[in-house]
Structure formats: C-alpha cells, structure tokens
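# Observations on chain architecture
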Amino acid sequence: MAFLVLPPQSGSFRTMEIRDGTTMLAQGSDGLSKTAYERHQPEQTLLYHLVETHYPALVDQLAQQGKSLPDHVHREFEAYLKCGRLEHGFLRVRCDNCHFERLVAFSCKKRGFCPSCGARRMAETAALLADEVFPDVPLRQWVISFPFPLRYLFAAHPQAMGKVLGIVYRAISTHLIHKAGFSLKDGATGAVTLIQRFGSALNLNLHFHILFLDGVYVYRDNRPPRFQRVRAPDKGELEELVQLISQRVGRCLERQGLLEQDTESAWLDLDPAEDTDAMPQILGSSISYRIAVGSQQGQKAFMIRTIRPLERPDPGLERVAKANGFSLHAGVSCEGHQKEKRERLCRYISRPAVAVPRLSLSSTGKVVYTLKTPYRDGTTQVAFEPVDFIARLAALVPKPRVNLTRYHGVLAPNHRWRGLVTPARRGKGVKSNSNTEVRTPAERHAAMTWAQRLKRVFNIDIEVCSLCGGSVRVIACIEDQDVIDRILDHLRQKERETPTRPLLVPPTRAPPGTLPLFAGKDSSTTALHQQGSQ
C-alpha cells in the first residue's frame, strides 16, 4: 500500500505535515503556508487527560470494594480515549485538483459524555428536526422533571421511562386538543421528545424536553389538515396538568409493582441489585449530589458559592408549576416563521452533557465545573475529586438500545397525517408521484455526512480545497495498525526535516454568531437554563 509518497504537481510543490501531532499545512506555488484544516484534538483537552489518568483509578477503587462497572460503561470510556486520535485509524482525504491531502481521525459515536460526538449528534438532530420534521407552525417547549426516586428508576429501568413518557404526552396533547375546542377524534397534535440525562452540575437528572406543536391539526371533509393555534398555558393550567401527571404516573408505576405508596409517602419497590454491580451506588450518588467513591463517599458534593443568593422573584416562574416532586415548565416558544430560532432550540435540547470550556483544575487538584447559570442560592461551581468526577461521567452513560429521541402524534412515523404536515412529505397520507426520483430506504433515511455537518454548524466547507478550490473526496480508509504507524512516522519525520514556518490562525471551530435563542417577551433565558438542573 503506497501511502507514504505524495508526488507533487508540476509547477508547484506541497507538503503534508503534523504539528503537535495534529495540524496539517500545505504550501502552494506562492510559497506561503496556508492552514487548510485543523482537526479536533481531544488529547490536548483537560477532559481527555482526566479520563486517561483517573478512569483506571476508578476501576481499581471499585475492584477493592468487590464491584465493577457494566460492559457498556467500560466500552464508553475506552472508545472515548480513541475518539479523534490518528493513532487508532483515519481517512485520507485528497483534493482532485492539486492533490493536497489531509487525515481525518475516526470518532467514537458514543452517547454518554464525548463532547465531539455529542456536538455532531446535536447538529445532525437539529438539522433533521428543523428541515424535515417540524412544519412551519408555532412550537412550544414543555420541560418536565421528576423526583429523585423516579430519576433513579428511569436510569436503572428504562422501560418504565417509556411508559411515563406516554402518560406525559397524552396528558398535554389532550389538554391542547380540548383547549382548541375539539375532541380527540377530530383533532391531533404532535411532538418530539429529547430525553436528557444530565443537569447543569453534571448530576444524573433524567428529564424530558418535549417540543410540542403549539396548537392542533384538524382534519374534516377530506380537506388537508388545518392547523389551529392555542393560547399559551397559564400557571393555573400548568398546576392542573402537573398534578394530573403525578397522579397518573404514581398509579401506573404502582400497577407495575415498581412503586409502593400510602397516604403520606411513596417509595420504590425494586429487586435488589447484584452486590458486584457498582452502578446503583454511582447512580444514586450522582442523582443526590453526593460523592460516589473515595474516603468521603456518601457526603454531599462540594458546591462553591461566589455570589449572593438571588432574592428577587424569578420572572421565569410565571409558566412553571410543581407538585409532588414533579416540575412542569412551558415558558419558551417559537413562531412558525422563525426557522433559525427553531433550529437553535433543537440544538439546545439535544446538546451534549459536558461543556469542556467550563471544566478546570484547581490549585489543590480538584476538578471544578462552572454552572452555565448560577443557582438561586449563589452556587456558581461544583468541585470534585478527580476519581469522583469520572464516576459522574459513568452515571451519564445510557444503557444500550435506549432511544433518547421519541416522536409523537402527527410527527410519529406511522401517523396517517405525517406525510401531509411534515416538510419532508414522507409517511402515510401522501400519494406516490411517478415523476419523483426513486430512492432506496437507505438513501431516504441517510444521516448528514461529516462534511455536511461541518459546513452547517461551523461554516467550514471541507468538500472544497482551501488551496485551489477543487473538490475534495475520501480516497482511503486506514485501519491497519502497521500502515497507520508508517504514515504517522513518515509525517513526523517530514516535520523534523522541514524548516519551521509560521502557523496561520485556523478558521474558528465555534458556530457562527447567532441571535440569543430565548429572546422575546414570552421567554426567559434564566428559567430555561435552570429548569431540570436542580
């Protein structure tokens, strides 16, 4: 496999090299080095250093207690340590015109705490929902959080979470249809639920972000479904809904034998876990803000308060209701013509768990995570021992085959009106057209490519060569370890032999500047950041 020799084009020369193991430069006929692309470098982040150093320590401490992590959690950590590393395989990408090449490392594609793959999934999910699922009608975000025992139940027994989500959706959709003046037979609404597993302090907090159509579709006299908007819910309506949901959830879990309750209290009735399973200990500690491992196991996590408690009433509480440990929030909405805000809202509810820029290391060696929005008691940061921080990450890893995105009502795949109301026009209710292009199921449901995601989120067009403007394509997938080592050794040798040239500032990796997501009289940034984070 002749991958090491990179022949130059006539009239110009080029080099491909790695600086600090990652950055590749090209030199064209003008003699100036240009930054063509800078890949993500996870090995240079604090998060990667913490996982690489302290994940084995967590495994050792649990082993001393006779416990171990499940296989899917081990796979998550091991895959993260290989994510974005050229040493574990890459693609060779070449320009068809000038033949300049770059290497693109593989990603882990995990769902727990990897910031890079979480951002990729966020971009892909938001683009799908904004372009192909949500019609141009008003949307409203409903956020429901649960008491601590139910958070543990949903993490340990995800099948119960699906039943509870069905109860929540039916309660809200029935409320919207009746509020619009229709019966369940004549009207229908729709929603998409993103199940988030994390709070703002990296605590395990399973809660639902449900994007509801802010109205009802009505189908009569064989005409196309007509959308009718409903008024925003007031505090009284939310209080009735959250009370109804809490009662129905309690009865449902009691019938399944998962919950016991009397006139004063309720408690979970679960089969005891295996003595060797470390996850009950880790999940319970993360939910209750306690230390999971180490000499201070069971004590409260260290909260850092750097501002005075907020004494003024929170304006975001106008559309928040609480009952029996349940909290329901419906204060953020989006108009049908606000397409950019709709996509930003979709990105927000599908965002990754860990924000690396908010992670730091104190002078005493503690891991400090800064809250995006301070708590009302003045808490701005939470501090962990490094091994306990790794335990927090382990609690955020979902079980395999648990779908964290759910579709409801007219947006569900098998609803009879889906093809009539969604922009993609896929689904039931749409007659096939002989003139339309015939595509296979795989082509119809293909996810965005890596290049499309970069262009949409970071405004980087990776399919166009930055040197000559030619088209760029993948020419090889390198997975053989011997070939990987030979290519990287060759590039490092070229770097040592080539005189140092100044590095140009690469294109920013941050998304293009956008307007605030939650602007408007109907919403509150503070309320949205704090909902579900306690």
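Calculation rules
Residues numbered from 1 in each chain as written. Predicted model: local features only at pLDDT ≥ 70, side-chain atom pairs only at ≥ 80, totals over all residues. Heavy atoms only, no water. Phe/Tyr/Trp six-rings, centres within 6.5 Å; stacked < 30°, edge-to-face > 60°. Lys NZ or Arg CZ within 6 Å of the ring centre and 35° of its normal. Salt bridge = Lys/Arg side-chain N within 4 Å of Asp/Glu carboxyl O. Helix = DSSP H or I, 4+ residues; strand = E, 2+ residues; numbered from the N terminus. Buried < 20%, exposed > 50% of the residue type's maximum accessible area, 1.4 Å probe, protein only. Pairing = 2+ DSSP bridges. Axes fitted to C-alpha atoms, helices over the stretch in contact; angles between N-to-C directions. Contact = heavy atoms within 4.5 Å. Disulfide = S-S within 2.5 Å. Core = buried A, V, L, I, M, F, W, Y, C linked by side-chain atoms within 4.5 Å.

## Some details on the packing of aromatic side chains
This structure, assessed with the given rule, holds 13 aromatic pairs. Ring pairing ties together the aromatic residues Tyr48, Tyr55, Phe77, Tyr80 and Phe113, which thus form one cluster. Its guanidinium or amino end placed over the ring of Tyr348, Arg351 lies 4.1 Å from that ring's centre, counting from NZ or CZ.

## Side note on the pattern of salt bridges
Going through the model one piece at a time under the given rule, you end up with 17 salt bridges. Between Arg85 and Glu43 there is a salt bridge, and its shortest N-O distance comes to 3.5 Å. Of this pair, Arg85 sits in the loop between helix 2 (71–82) and strand 3 (90–95) while Glu43 sits in the loop between strand 2 (33–37) and helix 1 (46–64), placing them 42 residues apart in sequence. Look at Arg85 and you get buried, because its relative accessible area is 15%. Among the residues examined, Glu43 registers a relative accessible area of 24% and is labelled partly exposed. Here Asp136 and Arg342 are joined by a salt bridge, their closest N and O atoms 3.0 Å apart. With Asp136 in the loop between helix 3 (115–133) and strand 5 (139–145) and Arg342 in helix 8 (residues 339–349), this pair connects stretches of sequence that are 206 residues apart. Exposure remark for Asp136: the relative accessible area of 49% places this residue in the partly exposed category. Sharing partners across several salt bridges, the network here consists of Glu43, Arg85, Glu87, Asp489 and Arg492.

## Thoughts on the sheet that holds strand 16 (residues 359–361)
Judged by pairing direction, the sheet is antiparallel, and its four strands sit side by side in the order 13-18-17-16 without closing on themselves. Looking at the sheet topology across the chains shown, the edges are occupied by strand 13 (302–305) and strand 16. On average, adjacent strands in this sheet sit at an angle of 30° to one another, irrespective of strand direction. Alignment of strand 13 against strand 18 (residues 379–384), held across four bridges, turns out to be antiparallel. Note that in strand 18 the partner of Met303 across the bridge is Val382. The sheet strands contacting helix 1 are strand 16 and strand 17 (367–370), and the helix crosses strand 16 at an angle near 60°. Sheet contacts for helix 9 (residues 386–395): strand 16, strand 17 and strand 18; angle to strand 18, the most-contacted strand, approximately 105°.

## Notes on the state of the cysteines
A full pass over the atoms with the stated rule returns zero disulfides. Free of any disulfide, Cys108 has its nearest cysteine sulfur in Cys117, 3.5 Å distant. Left without a disulfide partner, Cys468 is nearest to the cysteine sulfur of Cys95, which lies 3.4 Å away. Residue classification places Cys468 among the partly exposed positions, given a relative accessible area of 34%.

## Focus: the sheet that holds strand 14 (residues 320–323)
The sheet built from six strands is open, its strands ordered 14-15-5-8-7-19 with antiparallel pairing. Among the strands making up the open sheet, the edge pair consists of strand 14 and strand 19 (405–409). Ignoring strand direction, the axes of neighbouring strands in this sheet form an average angle of 20°. Here strand 7 (residues 190–198) runs beside strand 8 (residues 204–213); their pairing, made up of seven bridges, is antiparallel. The residue bridging Val192 from the neighbouring strand is Leu211, located in strand 8.

## Overview of the pairing of strand 18
Most of strand 18 sits out of view: five of its six residues are buried. Two strands pair when backbone bridges link them, and strand 17 and strand 18 are joined in this way by four bridges, in the antiparallel orientation. The residue bridging Val367 from the neighbouring strand is Phe384, located in strand 18.

## Digging into the nonpolar core
Within the largest apolar cluster, 94 residues are counted, with the highest numbers of intra-cluster contacts made by Val51, Trp142 and Phe389. For this core, the element with the highest residue contribution is helix 5 (residues 158–179), accounting for eleven residues. When residues no more than four places from it in sequence are discounted, the contact partners of Val51 are Pro56, Phe77, Tyr80, Leu81, Phe113, Ile390 and Leu393. Counting residues in each nonpolar core, the second largest holds 23 residues, with Leu129, Leu139, Tyr348 and Val410 among its members.

## As for the environment of Asp234
With respect to the helices, strands and loops of the structure, Asp234 is situated in the loop between strand 10 (226–229) and helix 6 (235–255). Distance in space between the C-alpha atoms of Asp234 and Gly331 is 9.6 Å, their sequence separation being 97 residues.

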